[in-house]
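Structural description and commentary
Spelled out from the first residue to the last, the chains are:
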Amino acid sequence: MDLTLENITHRYDGLTVLEDVSLHIPAGQILCIIGPSGCGKSTLLRLIGGLEQPSAGQVLQLGTPPAGCLNPLTYVFQDFALLPWRSVGGNISLVLEDHGIRGAAADKIIDDVLARTKLSDFRAALPRQLSGGMKQRVAIARALAVNPAVMLLDEPLSALDAQTRELLMEDLIGLWQRQPFTGVYVTHNLAEAVRLGHRIAVLSRRPGRLRDVIDIDIPLGERHIGDPRLEALQTRLWDAMKQEAMAADQELLHV
Amino acid sequence: MSENMHPNNARPVPFRGGGFRPVAKRGAAIIVFTTLILLAEWGTRTGWITNLTLPRPSDVATTLIDLWRSGLLWTHLSVSLSRLVVGGTIGITAGIGVGMMIGLFSYVRAGLIPVVAALFPIPKIALLPLFVIWFGIDEASKYALIALGTFTPTIVSTYGAVDNVDRTLVRMGQSFGLSWWSIVRKIVLPGALPGILSGLRVSVAIGIILLVAAEMLGAEYGIGAYILQAGSLYDLERLFAGVLILSVLGITTSWIIGLLEKRLLNWRG
């Protein structure tokens, strides 16, 4: 299932945050969206998943989601959004219960996604017992449980420390290699974007317009820390964004 | 320059942290209580405090023991407890229900918050004659009084608790396509539970206050009736015995709510 954004414009109380964004999101690839702070990239993600309605333009699904897909557009949030009163297993079963999946059928799915995210030993643990990286793994496991057609990741690693971020990036690459998924990955971290993105969409500062779309041909598995090709790409992206980021930093907040 | 070169100037950095975080100290409450009681006993025995000012604690204890031996303690207590439980259950259940509705629906919120604000400050005791006309002099009017008294504070604490539920969790529920009812049951209600339970402490205390008020009219038995009888006869020993029972009731309900919190909110750690 592909997604297409057609001339998306979005305003909050007369303040334009996104202007005329058109973008194609092909199946089986990860698209990274980067831009200076406040450029509306998280808003764009909420629009893609239907949590908000654009002021103008539309988001289109091309084709039908694959069979067995419970929730086609599934989010992974920056602050994990785990229910603190439910165990790791309970947080995953939460999203299955409404589809009538309980008991043995639910156990099978939960065991599978926990194994894929290396969490099998923590099924009974409560969120407060887990580190930030583990919490985000639980959130990723929960997203995998509904077998999404598109994963919408909203700065999923931004709340984590640098080392944990590195580990989780490797985990995400591993997950994609074993079973390629379609992903939209919003981040302000250029290093994450060049490691995880098949394509990178660069937004300008507010009102966010699409400035550039860059394709990266290097397979995900061959991208390592310190790869000169990635470093060069990252420098190029930073040069393109630096002025915008500086201007965005000087702006007064209106929200 | 090495830091060891000025040993004369070296002194430890003074500690400025600590405090502002009360920790549980076992037995402190017992020491305070016994000190106060012993002080009263000593004062009344030496005549420093006259018997008209304060009854002797040992006399109050004797009165309590007599009451217990005569079997009347259980009569009074069981009648009062059933009133508190029935009235409190009605008021608290309705209060949680209405509070949830106010927290969830804009129209209910806009329509009912002023009504609650108008009801809350009315001393419910003043409405007792009205309740007697509406529900009769029997149990129903007493239930109604306690129910109304616990109803309003429960509403206020419940919708406050619902307002404080983490919105990102609600958005997460929506993003996974959970039904409205699932979100209310599995996200909003458990998220509001800490606030609801701490509001319950206030509601139950108000319920106990109103219990005494409700037993002012047409009650033969009950702790409130017992206290009021003693009060009208200026029988201070019995008055204090009754007040003591109410205090114990207050401590017990607060302890039960504490247990509930421990059990239901164990996820907070």
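Owing to the predicted nature of the structure, the values given are computational and were not obtained by experimental measurement.

Topic: the overall build of chain B
Counting its regular elements, chain B contains 10 helices and zero strands. Seen in sequence order, chain B has helices and strands lined up from the N terminus as α-α-α-α-α-α-α-α-α-α. A compact globule built from 269 residues should have a C-alpha radius of gyration of about 18 Å, whereas chain B, at 26 Å, is more than 25% larger. If one aligns the C-alpha atoms of chain B with their principal axes, the spans along those axes are about 85 × 65 × 30 Å. Burial statistics for chain B: of 269 residues in total, 38% are counted as buried. For chain B, contacts bridging at least 24 residues in sequence account for 69% of all contacts bridging at least 6. Total accessible area on chain B stands at roughly 16,200 Å², and carbon and sulfur atoms take up 69% of it. Looking at charge distribution, chain B has the averaged site of its 21 positive side-chain charges lying 14 Å from that of its 13 negative ones.

Notes on the interface of chain A and chain B
At the interface, 24 residues of chain A touch 19 residues of chain B. Each partner contributes to the roughly 1,800 Å² buried at the junction of chain A and chain B, and carbon and sulfur atoms together form 67% of this total. Looking at the side of chain A facing chain B, the largest losses of area belong to Trp85, Asp98 and Arg128 of chain A, adding up to 33% of the total buried there. Where chain A packs against chain B, one counts two salt bridges. Here lysine 186 of chain B and aspartate 98 of chain A are joined by a salt bridge, their closest N and O atoms 3.5 Å apart. Where chain A touches chain B, the interface holds seven residue pairs in polar contact (both at pLDDT 80 or more). The residue inventory of the side of chain A that touches chain B, partitioned by class, reads 14 nonpolar, three polar and seven charged.

Digging into the pairing of strand E1 (residues 2–12) of chain A
All names here are of chain A. Bridging between E1 and strand E4 (residues 56–62) involves six bridges; their strand directions are antiparallel. Within E4, the position partnered with glutamate 6 by the bridge is glutamine 58. Sheet topology note: the E1/strand E2 (residues 15–25) ladder contains seven bridges and is antiparallel. Following the sheet pairing, leucine 3 is matched in E2 by isoleucine 25. Between E1 and E2, which pair antiparallel one after the other, the connecting turn spans two residues, and aspartate 13 there sits at a positive phi close to 45°.

Focus: the sheet that holds strand E9 (residues 210–215) of chain A
All names here are of chain A. What the six strands build is an open sheet, ordered E5-E6-E7-E3-E8-E9; its pairing is mixed. In the strand order of this sheet, the two ends are held by strand E5 (73–76) and E9, each with one partner. Each adjacent strand pair in this sheet contributes to an overall mean axis angle of 20°, direction not counted. Where strand E6 (residues 150–154) and strand E7 (residues 182–186) come together, five bridges link them in parallel fashion. Its bridge partner being in E7, leucine 153 is matched across the sheet by tyrosine 185. Packing against the sheet, helix H7 (residues 228–250) makes contact with strand E3 (30–34), strand E8 (199–203) and E9, and its axis sits at approximately 175° to E9.

Here we look at the side chain of arginine 83 of chain B
Residues and elements named next belong to chain B. Position of arginine 83 relative to the elements: it lies in helix H3 (residues 72–104). On the basis of relative accessible area, arginine 83 is assigned to the buried category, the value being 4%. Sequence-distant contacts of arginine 83, defined by excluding residues within four places in its chain, comprise Gly88, Glu139, Lys142, Tyr143, Ile146, Leu211, Glu215, Ala219, Tyr221 and Gly222.

With respect to empty space enclosed by the protein
All names here are of chain A. Counted by the stated rule, this structure contains one cavity of 30 Å³ or more. Lining the largest cavity are Ile30, Leu153, Leu172, Phe181, Tyr185 and Leu196. The residue inventory of the lining of the largest cavity, partitioned by class, reads six nonpolar, no polar and no charged.

Structural notes on the pairing of E6 of chain A
Regular strands place side chains that alternate from one sheet face to the opposite one. Residue and element names in this part refer to chain A. Among the five residues of E6, five are classified as buried, and the element is accordingly described as predominantly covered. Covered by surrounding structure in E6 are Val150, Leu152 and Asp154 together with Met151 and Leu153, the residues of both alternating faces. Of the pairings in the sheet, the one linking E5 to E6 comprises four bridges and is parallel in character. By the bridge assignment, leucine 73 is partnered in E6 with valine 150.

Digging into helix H7 (residues 167–175) of chain B
For H7 of chain B, the complete set of buried residues consists of Thr168, Leu169, Val170, Met172, Gly173 and Ser175 of chain B. As for H7 of chain B, its buried residues are in contact with E5, helix H2 (88–97) and helix H4 (132–145) of chain A together with helix H8 (180–214) of chain B. Backbone geometry just after H7 of chain B places glycine 177 of chain B at a positive phi near 70°.

Section: the packing of H3 of chain B against helix H6 (residues 139–163) of chain B
Residues and elements named next belong to chain B. One way to put it is that H3 packs onto H6 with a least axis distance of 6 Å and a crossing angle of 35°. The two elements H3 and H6 cross, and the hand of that crossing is right-handed. For the contact of H3 with H6, the per-class residue count stands at 16 nonpolar, 10 polar and four charged.

Some details on the confidence of the model for chain A
In the predicted model, chain A carries a mean pLDDT of 90, and 98% of its residues have values of at least 70. For chain A, per-element mean pLDDT is lowest for H7 of chain A, which scores 84, and highest for H2 of chain A, which scores 95.

Let's talk about the domain arrangement of chain A
All names here are of chain A. Examined at the domain level, chain A breaks down into domain 1 (2–66 + 149–254) and domain 2 (86–148). One C-alpha centre belongs to domain 1, the other to domain 2; they are set 26 Å apart. Contacts between domain 1 and domain 2 engage 13 residues on the former and 11 residues on the latter. Both faces considered, domain 1 and domain 2 share a buried interface measuring about 1,100 Å² in area, 63% of it formed by carbon and sulfur atoms. Taken as a group, Met151, Leu168 and Leu175 account for 39% of the area that domain 1 buries against domain 2, more than any other trio of residues on that side. Taken together, domain 1 and domain 2 are joined by two salt bridges. With a shortest N-O distance of 2.8 Å, aspartate 171 and arginine 137 are connected by a salt bridge.

Details of the packing of aromatic side chains
Geometry of an aromatic ring pair is reported as the spacing of the ring centres plus the angle between the planes. Residues and elements named next belong to chain B. Applying the stated criterion across every chain, the model contains eight aromatic pairs over all chains. Ring geometry for tryptophan 42 against tryptophan 48: centres 5.8 Å apart, planes inclined by 50°, an arrangement best described as tilted. A relative accessible area of 61% means that tryptophan 48 is categorised as exposed. Where tryptophan 180 meets tryptophan 181, the ring centres are 6.5 Å apart and the plane angle is 25°; that geometry is what we call stacked.

What counts as what
- Residues numbered from 1 in each chain as written.
- Chains lettered and ligands numbered in written order.
- Predicted model: local features only at pLDDT ≥ 70, side-chain atom pairs only at ≥ 80, totals over all residues.
- Heavy atoms only, no water.
- Helix = DSSP H or I, 4+ residues; strand = E, 2+ residues; numbered from the N terminus.
- Rg over C-alpha atoms; globule rule 2.2 N^0.38 Å.
- Buried < 20%, exposed > 50% of the residue type's maximum accessible area, 1.4 Å probe, protein only.
- Contact = heavy atoms within 4.5 Å.
- Areas by Shrake-Rupley, 256 points an atom, 1.4 Å probe, with all protein chains shown as cover.
- Lys, Arg positive; Asp, Glu negative; His and termini not counted.
- Charge placed at Lys NZ, Arg CZ, Asp CG, Glu CD.
- Buried area = accessible area lost by both parts, 1.4 Å probe.
- Salt bridge = Lys/Arg side-chain N within 4 Å of Asp/Glu carboxyl O.
- Polar contact = N/O pair within 3.5 Å; in protein donor to acceptor, adjacent residues only side chain to side chain.
- Nonpolar A, V, L, I, M, F, W, Y, C, P; charged D, E, K, R; others polar.
- Pairing = 2+ DSSP bridges.
- Axes fitted to C-alpha atoms, helices over the stretch in contact; angles between N-to-C directions.
- 1 Å grid on protein atoms, 1.4 Å probe; cavity = no way out; pocket = protein on both sides within 12 Å on 5 of 7 lines; lining within 4 Å.
- Points joined across faces, edges and corners; volume = space filled by probe spheres on them.
- Left-handed = near helix turned anticlockwise from the far one by under 90°.
- pLDDT = per-residue confidence, 0-100.
- Domains from an automatic or database assignment.
- Phe/Tyr/Trp six-rings, centres within 6.5 Å; stacked < 30°, edge-to-face > 60°.

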